[in-house]
Number of protein chains: 2
Amino acid sequence: MSLIVLKFGGTSVATPERVLKAAQRLVDYREQGHKVVAVVSAMGKSTDDLLALAREVNPKPPARELDVLLTTGELVSMSILAMAVAALGHKAKSFTGHQAGIVTTTRHNKAQISQIKADRLEQALAEGYIVVVAGFQGVTKQGDITTLGRGGSDTSAVALAAALKADLCEIYSDVDGIYTADPRIVPRAKKLNSISYEEMLELSAGGSSVLQMRAVEFARNFRVTLCCRSAFSDNPGTLIKEEAVEQAIVSGITYDNSEAKITIRGVPDKVGIAADVFDAIAKANINVDIIVQNISEHGFTDISFTAPEGDLDRLRPVLDAQVAKLGAREYLINEKVTKLSLVGAGLRTNPGIAAKMFKVLSKNGINIEMISTSAIRISVIINPKHSELAQQALHTAFDLDSTQIFEEDNLSAEELDAKAKKGR
Amino acid sequence: MSLIVLKFGGTSVATPERVLKAAQRLVDYREQGHKVVAVVSAMGKSTDDLLALAREVNPKPPARELDVLLTTGELVSMSILAMAVAALGHKAKSFTGHQAGIVTTTRHNKAQISQIKADRLEQALAEGYIVVVAGFQGVTKQGDITTLGRGGSDTSAVALAAALKADLCEIYSDVDGIYTADPRIVPRAKKLNSISYEEMLELSAGGSSVLQMRAVEFARNFRVTLCCRSAFSDNPGTLIKEEAVEQAIVSGITYDNSEAKITIRGVPDKVGIAADVFDAIAKANINVDIIVQNISEHGFTDISFTAPEGDLDRLRPVLDAQVAKLGAREYLINEKVTKLSLVGAGLRTNPGIAAKMFKVLSKNGINIEMISTSAIRISVIINPKHSELAQQALHTAFDLDSTQIFEEDNLSAEELDAKAKKGR
């Protein structure tokens, strides 16, 4: 008998039909003798609807009240899922974040889980209930309702899996696993059977949105085995765990179009200048990614870095102040760049990979603007117009191409849904 | 400085526009120096929408989960109302039933308030917050979420008013007070300035749906002064308190079209027979209202009574069993009857009222099928086709007619809304 946590994303419970399908998965595991815990997101786009409602009465709603409002989406889906389990003849009990003992920090809208008091869940599991928990939410020690920020349901699921010492934590969404590249861009992308935590972290950091980075970090720290699966098929999905079964040199290619490149030109080259600049940016709560400092010429240097495009409005006044303070010449913002990353545990022990990557790009006439590497990742900043060509060329060059052109998972959620209906 | 509880029904907070209007009322009282507590129902028809959603996955949803689901409607409206108060520049804090310390019995869907631990609310009031509480909900000692049954928000408001020793509890809805008759049927109906708890109880029992009977009982037991007001006008409404200011002989006429009349014919007239029948009906959880037993002829008697039309499906098998057990001849169900009641504190001391009522009805050719009286109420069962004529005739006969034909409050909620918009 195992304990399995199943997390269902918004699209996986968007309609009564899909909720019943999710319930069937819970019941199947229960009938196999497992203890079963479900963690649910809000149905479909209901969180967006609630946000829109809030803005109608207050363009800047207070964080505490916004949290109360947003958590209702998960309360709806958890009770509906528990009802669906009952409709299938099994007993289920739903738990709010509060009832599940999910204690968080007091930072509304972006709280972090500080403790899980799982007694009530453990009791319900011991009594044979299928347990359904609202994702994305918790409660402070003072009893105020909090949310974990967008996508926080993944974190809820992994944290509960860790607290309950689950054998497996399945993450259901509308994609059926982790791919070697984005199948919409690289039709020969392959689904991976397994991948290590570190590789998954690099993929998430590089732009893959299948899993919340925070959830992967949590899983790695507590050694929770994850499985990314589709809610609309019975395909086995991708396992994420300590060591992948097959250690490919390159596991996948990921990209991110939401970064901007900023260059500060003519900075007087004195010790501690870079530290000053990035200290000021960090204080404005902006995450800088790749940083490159050119070699100093005649006592002046250029500093380039990337930052999220969405943070530019907050970044500009910081840069204005820094340029004035440092006596730099100017700063330039290139709002559209693409960050392309090659990720693989094998990169550690294969020093030729970076060189090969650069050669492939150069052969295709693609200019590399910036480079950054970690032990298992190589990222380059390129012009977005070359993004698709680069991904396809690299995918082929590193022998990632599937023999079959990827098809099924190019379907939209609606098409998958229609397919799921037909299959019942 | 007073403490005022304001309860807003579903129509009063159905749109962002109306929520802002409700928030303005809270802010106005706060700026006058009062402590302010709001109790809210779910926005508009959202409770019905949630019920429909539940039925899509499970035609008989488990009571515990249905309670979790239904309470989300009030969580939405309370957080939105708190945001609206913030938008008007005042500080507000919302509280779920759990957070407000509303402890209930464990009977899901129809729980009763057993205790209110108001410490958190009192603290927030002392800190100058406008307090917003979710109506209709509570939590058991074990931490399970419960609801108080339809219309339970009135009870929440009155119970909180009692616990916080409020000076006044205002109930906002789409009608602007208690009338001497239903203005849709009797255009010359007058709004009452005040009415006693007992009269209000009889009006509610007689079919008036302006206030939940349970809430009125609660108010009477704890001497909470109520005021029924319109959310769409500044009319003063009707005060409900220990003694009405003007003690009219007849305060009002009320009617109920949702009762059915049942007659069991040819019942052997033995001691304890009626007790047996009504014991069996009570065990099926059906509330019987008026009971009449005819004089026995040749050892057989007829028993007639009224019961809610909606309970007939559950009543029939009980009657089948009783008729067989007692050796009665048959039972007849008259699905459509109207119960018409005359209510007034003056009935106690004016013995001629009943006779006058019967005479007015008879003059108008209206046959009385059953009669039931209390100290301050006379009810008759008549054919529904005579309902409107009877109400109008009695209203005139007992000098209740206003000199002006009632107009404004014949508006629909939508019309009132349009009017409210225009008035801003």
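Below or above, wherever it landed, is the structure these notes cover. (Residues numbered from 1 in each chain as written. Chains lettered and ligands numbered in written order. Predicted model: local features only at pLDDT ≥ 70, side-chain atom pairs only at ≥ 80, totals over all residues. Heavy atoms only, no water.)

## Overview of the overall build of chain A
- Summing up its helical and strand segments, chain A has 12 helices and 18 strands in all.
- Against the globule reference of 22 Å for 424 residues, chain A gives a C-alpha radius of gyration of 23 Å, in line with a compact fold.
- Taken over the C-alpha atoms alone, chain A extends approximately 80 × 55 × 35 Å along its principal axes.
- Buried positions account for 56% of the 424 residues belonging to chain A.
- Looking at chain A alone, contacts between residues at least 24 apart form 75% of all its contacts between residues at least 6 apart.
- For chain A, the accessible surface area stands at approximately 18,000 Å², while carbon and sulfur atoms represent 49% of it.
- Between the mean site of the 48 positive side-chain charges and the mean site of the 51 negative ones, chain A shows a separation of 2 Å. (Helix = DSSP H or I, 4+ residues; strand = E, 2+ residues; numbered from the N terminus. Rg over C-alpha atoms; globule rule 2.2 N^0.38 Å. Buried < 20%, exposed > 50% of the residue type's maximum accessible area, 1.4 Å probe, protein only. Contact = heavy atoms within 4.5 Å. Areas by Shrake-Rupley, 256 points an atom, 1.4 Å probe, with all protein chains shown as cover. Lys, Arg positive; Asp, Glu negative; His and termini not counted. Charge placed at Lys NZ, Arg CZ, Asp CG, Glu CD.)

## Focus on the relation of the copies chain B and chain A
- Overlaying chain B on chain A yields an RMSD of 0.3 Å, the required transformation being a rotation through 179° with an accompanying axial translation of 0.0 Å. Taken together, these values place the two copies in the relation of a two-fold axis. No C-alpha of chain B approaches the rotation axis more nearly than that of T72(B), which lies at 3.0 Å.
- Comparing interface residues between copies, 100% of those in chain B also sit at the interface in chain A, which points to an isologous, same-surface contact. (Least-squares fit on C-alpha atoms with pLDDT ≥ 70 in both.)

## Focus on empty space enclosed by the protein
- One pass over the full model with this rule turns up five cavities of 30 Å³ or more.
- The calculated volume of the largest cavity comes to roughly 240 Å³.
- Forming the walls of the largest cavity are 19 residues, and the residues nearest its centre are T96(A), H98(A), I145(A), T96(B) and I145(B).
- Taken together, the residues that form the lining of the largest cavity break down as five nonpolar, 14 polar and no charged. (1 Å grid on protein atoms, 1.4 Å probe; cavity = no way out; pocket = protein on both sides within 12 Å on 5 of 7 lines; lining within 4 Å. Points joined across faces, edges and corners; volume = space filled by probe spheres on them. Nonpolar A, V, L, I, M, F, W, Y, C, P; charged D, E, K, R; others polar.)

## Observations regarding the pairing of strand 1 (residues 3-8) of chain B
Residue and element names in this part refer to chain B.
- Most of strand 1 sits out of view: six of its six residues are buried.
- Side chains of strand 1 alternate between two faces, with L3, V5 and K7 and I4, L6 and F8 buried alike.
- In the sheet, strand 1 pairs with strand 2 (residues 35-40) via six bridges, with the strands oriented parallel. Bridge pairing in strand 2 places K7 opposite V39.
- In this fold, strand 1 hands off to helix 1 (residues 16-31), which returns the chain to strand 2; that crossover is right-handed.
- Inspection of the sheet shows strand 1 paired to strand 9 (residues 168-173) by five bridges, in the parallel sense. Bridge pairing links K7 to I171 in strand 9. (Pairing = 2+ DSSP bridges. Right-handed = clockwise from strand over helix to strand, strands pointing away.)

## Remarks on the sheet that holds strand 16 (residues 330-343) of chain B
All names here are of chain B.
- One open sheet holds the six strands; their spatial order is 14-15-13-16-18-17, and the pairing between them is antiparallel. Looking along the sheet, the strands with just one partner apiece sit at the ends: strand 14 (291-293) and strand 17 (370-374). Within the sheet, the average angular offset between the axes of one strand and its neighbour, ignoring direction, is 25°.
- Bridge analysis of strand 14 against strand 15 (residues 300-308) gives three bridges, and the strand direction is antiparallel. Bridge pairing in strand 15 places V292 opposite S304.
- Along the sheet, helix 6 (residues 197-205) makes contact with strand 13 (252-268), strand 16, strand 17 and strand 18 (377-382), crossing strand 16 at roughly 150°.
- Lying over the sheet, helix 8 (residues 273-283) contacts strand 13, strand 14 and strand 15, oriented at roughly 25° with respect to strand 15. (Axes fitted to C-alpha atoms, helices over the stretch in contact; angles between N-to-C directions.)

## A short note on the interface of chain B and chain A
- Opposite the 39 residues of chain B that make contact, chain A presents 39 residues.
- Summed over both partners, the interface of chain B with chain A buries about 3,000 Å², with 68% contributed by carbon and sulfur atoms.
- Sorting the residues of chain B by area buried against chain A places V57(B), E65(B) and M83(B) first, and these three jointly supply 22% of that buried surface.
- Inspection of the chain B/chain A interface yields two salt bridges.
- Note that R120(B) and D144(A) form a salt bridge whose closest N and O atoms lie 3.1 Å from each other.
- Inspection of the region where chain B meets chain A yields 10 residue pairs in polar contact (both at pLDDT 80 or more).
- The set of elements that each furnish at least two residues to the side of chain B that touches chain A consists of helix 1, helix 2 (46-57), helix 3 (63-87) and strand 3 (92-95) of chain B.
- For the side of chain B that touches chain A, the element with the highest residue contribution is helix 3 of chain B, accounting for 16 residues.
- Its residues placed into classes, the side of chain B that touches chain A shows 24 nonpolar, nine polar and six charged. (Buried area = accessible area lost by both parts, 1.4 Å probe. Salt bridge = Lys/Arg side-chain N within 4 Å of Asp/Glu carboxyl O. Polar contact = N/O pair within 3.5 Å; in protein donor to acceptor, adjacent residues only side chain to side chain.)

## Some words on the packing of aromatic side chains
- Within this structure, the stated rule accounts for six aromatic pairs over all chains.
- With a centroid separation of 5.0 Å and 20° between ring planes, the pair formed by F8(A) and Y172(A) is classed as stacked. Taken together, the residues F8(A) in strand 1 (residues 3-8) and Y172(A) in strand 9 (residues 168-173) connect sequence positions 164 residues apart.
- A relative accessible area of 0% means that F8(A) is categorised as buried.
- On the basis of relative accessibility, which here comes to 1%, the residue Y172(A) falls in the buried class.
- On the numbers, 5.0 Å between centres and 25° between planes, the contact of F218(B) with F222(B) is stacked. In this pair, F218(B) and F222(B) are both assigned in helix 7 (residues 213-222), four residues apart and thus about one turn of the helix distant.
- Of note, R64(B) hangs over the ring of F95(A), and the distance from its end group to the ring centre comes to 5.6 Å.
- Seen from the ring of F398(B), K356(B) lies directly overhead, with NZ or CZ sitting 4.7 Å from the centre. (Phe/Tyr/Trp six-rings, centres within 6.5 Å; stacked < 30°, edge-to-face > 60°. Lys NZ or Arg CZ within 6 Å of the ring centre and 35° of its normal.)

## Things to note about the pattern of salt bridges
- In total, this model carries 36 salt bridges over all chains according to the counting rule given.
- A salt bridge links R223(A) to E242(A), with the nearest nitrogen and oxygen atoms 3.3 Å apart. Here the residue R223(A) occupies a position in the loop between helix 7 (213-222) and strand 11 (226-230), and E242(A) occupies one in the loop between strand 12 (238-241) and strand 13 (252-268), the gap between them amounting to 19 residues.
- We note a salt bridge from K339(B) to D289(B), for which the minimum N-O separation is 2.4 Å. Here the residue K339(B) occupies a position in strand 16, and D289(B) occupies one in the loop between helix 8 and strand 14, the gap between them amounting to 50 residues.
- Its relative accessible area of 33% is what places D289(B) among the partly exposed residues.
- Via salt bridges that share partners, R64(A), E65(A), D144(A) and R120(B) belong to a single interconnected network.

## A word on the environment of T71(A)
All names here are of chain A.
- Structurally, T71 can be placed in helix 3 (residues 63-87).
- Given a relative accessible area of 2%, T71 falls into the buried group.
- Considered as a pair, T71 and T96 are 25 residues apart in the sequence and their alpha carbons are 8.9 Å apart.
- If near-sequence neighbours (up to four positions away) are discounted, T71 is found in contact with Q137, I145, T146 and T147.
- In terms of polar contacts, T71 uses its side chain to reach the backbone carbonyl oxygen of V68, at 2.7 Å.

## Focus on helix 5 (residues 152-163) of chain B
Residue and element names in this part refer to chain B.
- Spanning 12 residues, helix 5 covers 16 Å between terminal C-alpha atoms, matching the ideal 16 Å at 1.5 Å per step.
- With 11 of 12 residues buried, helix 5 is to be regarded as a mostly interior element.
- Just beyond helix 5, the residue with positive phi is K165, at close to 55°. (Expected span 1.5 Å × (residues − 1).)

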